[in-house]
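Here is what each chain is made of, one letter per residue.
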Amino acid sequence: MRASNAHDTPHSPLRAEIDLGALRRNVRRLRAHVAPAALAGTVKADAYGHGALPIARTMTEEGVDWLCVARLDEGVALREGGIGGHVLVLGTPFADEVATYAAHRLDATVTSEPVAAMLAAQARKAAQATGRPLRVHVKADTGMHRLGIAPEAVPDVLARLYAADGAKVAGLWTHFATADEAASPFAATQAERFASLRADLARAGVPAPPLLHVANSGAALLREPLQLPAGTAALARVGGLAYGLPSSPDLAAAADRLGLEPVMRLVARVVHVQTIAAGESVSYGQTWTASAPTRIATLAVGYGDGFPRSLSNVGEAAIHERRYPIAGRVCMDLTMLDLGLPGGAGAAVRVGDEAVLFGHGGPSALEVAERAGTISYAVTAGLTARVPRVYTGTR
Ligand SMILES: *Cc1c(COP(=O)(O)O)cnc(C)c1O
């Protein structure tokens, strides 16, 4: 892929730099860490805001041959962008979508008993149209209670799908609710429920599917690997950590130990600098007032870019490696920083300088998330289409 740089977007005073070199290094470290499980790169929601196609291409070049998306249209977009390999759609398939799954060689998730019946009924037609079986993965609900089949119903569902003409059962999986909290006992409870499901299968004489997958980023780094029955392999469905985005402080420490790096950096230019008098306020609602004469820098970033408005008066940004607090409310297009006293360190800040909102040289996305009352994934996935994604470091 061609490397692009800041000069490719000369008309935007704001950009999200995506370091594909950091992504490659993260993928290599994660693949080695999860082996013998295979890494399934999770690229839903436009790869957590990083750009699904460039991320998927880079992961594929690194030898990742499983990708996960949340929705059918995301899987179709990968295929239309030339991505081969396995693509698993994690969300619920509808009856009128099965032909599209089949045509684009997308693996479907069996998220309920009615979905199992629907896929079993449609598999033959889909297989006849494409000349290959419709691939499905059964999702067991071990406690997240979002999507999935109750463990006690899974053996029958699997038996029905094994018997369905034109269907190929590729996997059995579940999803953790608390895997990124090292001390959470609930992740162990969910793992035990999955293990007893496997024992139930053995007792019922229903073979386990060839692939078992339970790990997300949290489980991949903080949990013991699964003991796998003979004849099965494992996948680790990793999203956040591939982008160097830990979702919790526990995971941040583990990610540091593994040498994972942030892939995204959000950079805005200073568009205006002024000195205001003591007693003057900044931005809508007058929520910030200068206690002394103060330099104020205005940055070209706002909630219209997906920069959280909840950072008003609590966030920070870095200019020339020095942190400054956000003064007043974050606006749709602009955000103000308190540079301090006119004679202080902030006096060197000029119009045109670059401020790092998060990423190398500024706060981490996790730190921004904690200040904003959200999680790191929402910080990057929330960036809007107005923010140009600029790809660097293709090696
Ligand atoms: C998003 C998602 C993942 C990846 O989670 P990370 O915490 O980003 O690693 C894995 N499995 C499912 C079902 C998901 O929805």
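Scroll up a little and you will see the structure.
Structural notes, computed from the coordinates. (Residues numbered from 1 in each chain as written. Predicted model: local features only at pLDDT ≥ 70, side-chain atom pairs only at ≥ 80, totals over all residues. Heavy atoms only, no water.)

Considerations on the overall build of the chain
Secondary structure summary: the chain contains 12 helices and 18 strands in total. On the principal axes, the C-alpha backbone points of the chain span a range of 80 × 45 × 40 Å. Each of the 395 residues in the chain was classed as buried or not, and the buried ones make up 53%. Put simply, the chain shows about 16,700 Å² of open surface, and 53% of that area lies on carbon and sulfur atoms. Between the averaged position of the 38 positive side-chain charges in the chain and that of its 36 negative side-chain charges there is a distance of 4 Å. (Helix = DSSP H or I, 4+ residues; strand = E, 2+ residues; numbered from the N terminus. Buried < 20%, exposed > 50% of the residue type's maximum accessible area, 1.4 Å probe, protein only. Areas by Shrake-Rupley, 256 points an atom, 1.4 Å probe, with all protein chains shown as cover. Lys, Arg positive; Asp, Glu negative; His and termini not counted. Charge placed at Lys NZ, Arg CZ, Asp CG, Glu CD.)

Considerations on the site of the ligand
Within the structure, the ligand sits among 14 residues, and Lys44, Tyr48, Ser217, Gly240 and Tyr377 are positioned closest to it. Arg146 has a polar side-chain atom sitting 3.2 Å from an oxygen atom of the ligand. Within the side chain of Ser217, an N or O atom sits 2.6 Å from an oxygen atom of the ligand. Isolated, the ligand exposes 390 Å² of accessible area, and the fraction of that covered by the protein chains is 91%. When contributions to the shell around the ligand are tallied by element, the ones reaching two or more residues are α2 (44-48) and β9 (233-238). Of the residues in the shell around the ligand, the class split is five nonpolar, six polar and three charged. (Near = heavy atom within 4 Å. Polar contact = N/O pair within 3.5 Å; in protein donor to acceptor, adjacent residues only side chain to side chain. Nonpolar A, V, L, I, M, F, W, Y, C, P; charged D, E, K, R; others polar.)

Remarks on the packing of helix α7 (residues 154-163) against helix α8 (residues 185-204)
With their axes 9 Å apart at the nearest point, α7 and α8 run at an angle of 55 degrees to one another. Regarding the angle of α7 to α8, the classification is oblique. In terms of crossing hand, the pair formed by α7 and α8 is right-handed. Contacts from Val154, Pro155 and Leu158 of α7 reach α8 at Leu197, Asp200 and Leu201. When the residues that make up the contact of α7 with α8 are grouped by side-chain class, the tally is five nonpolar, no polar and one charged. (Axes fitted to C-alpha atoms, helices over the stretch in contact; angles between N-to-C directions. Parallel < 35°, antiparallel > 145°, perpendicular 65-115°, else oblique. Left-handed = near helix turned anticlockwise from the far one by under 90°. Contact = heavy atoms within 4.5 Å.)

Looking at the sheet that holds β9
Around the barrel, eight strands lie side by side as β2-β3-β4-β5-β6-β7-β8-β9; this closed barrel has parallel pairing. Strand-to-strand, the axes of this sheet are offset by a mean angle of 30 degrees, without reference to chain direction. Pairing geometry for strand β5 (residues 106-110) and strand β6 (residues 134-139), over three bridges, is parallel. The residue bridging Ala108 from the neighbouring strand is Val136, located in β6. (Pairing = 2+ DSSP bridges.)

So, the packing of aromatic side chains
Geometry of an aromatic ring pair is reported as the spacing of the ring centres plus the angle between the planes. Taken as a whole, this structure holds two aromatic pairs when the rule is applied. Between Tyr48 and Tyr243, the ring centres sit 5.0 Å apart and the planes meet at 45 degrees, which makes this aromatic pair tilted. Of the two residues, Tyr48 sits in helix α2 while Tyr243 sits in the loop between β9 and α10 (249-258), which places them 195 residues apart along the sequence. For the pair Tyr48 and Tyr243, one class covers both residues: buried. When the centroid spacing of 5.1 Å and the interplanar angle of 65 degrees are considered together, the rings of Tyr48 and Tyr377 count as edge-to-face. Of the two residues, Tyr48 sits in helix α2 while Tyr377 sits in helix α12 (residues 376-381), which places them 329 residues apart along the sequence. Tyr48 sits in the buried class, given a relative accessible area of 7%. Among the aromatic residues, ring-to-ring pairing joins Tyr48, Tyr243 and Tyr377 into one connected group. (Phe/Tyr/Trp six-rings, centres within 6.5 Å; stacked < 30°, edge-to-face > 60°.)

What about the side chain of Ser184?
Examined against the element boundaries, Ser184 turns out to sit in the loop between β7 (167-173) and α8. For Ser184, a relative accessible area of 9% gives the class buried. Side-chain polar atoms of Ser184 contact the side chain of Thr178, separated by 2.7 Å. Within the structure, Ser184 has its side chain in polar contact with the backbone nitrogen of Phe186 (distance 3.2 Å). Dropping the residues within four chain positions of it, Ser184 is found in contact with Thr178 and Arg223.

Examining the packing of helix α1 (residues 20-34) against helix α3 (residues 52-61)
Where α1 meets α3, the axes come as close as 10 Å, and the angle between the chain directions of the two elements is 45 degrees. It follows that α1 is oblique to α3 by the angle criterion. Between α1 and α3 the crossing geometry is right-handed. Taking contact as the criterion, the partners of Leu20, Leu23, Arg24 and Val27 in α1 are, on α3, Pro54, Ile55, Thr58, Met59 and Glu61.

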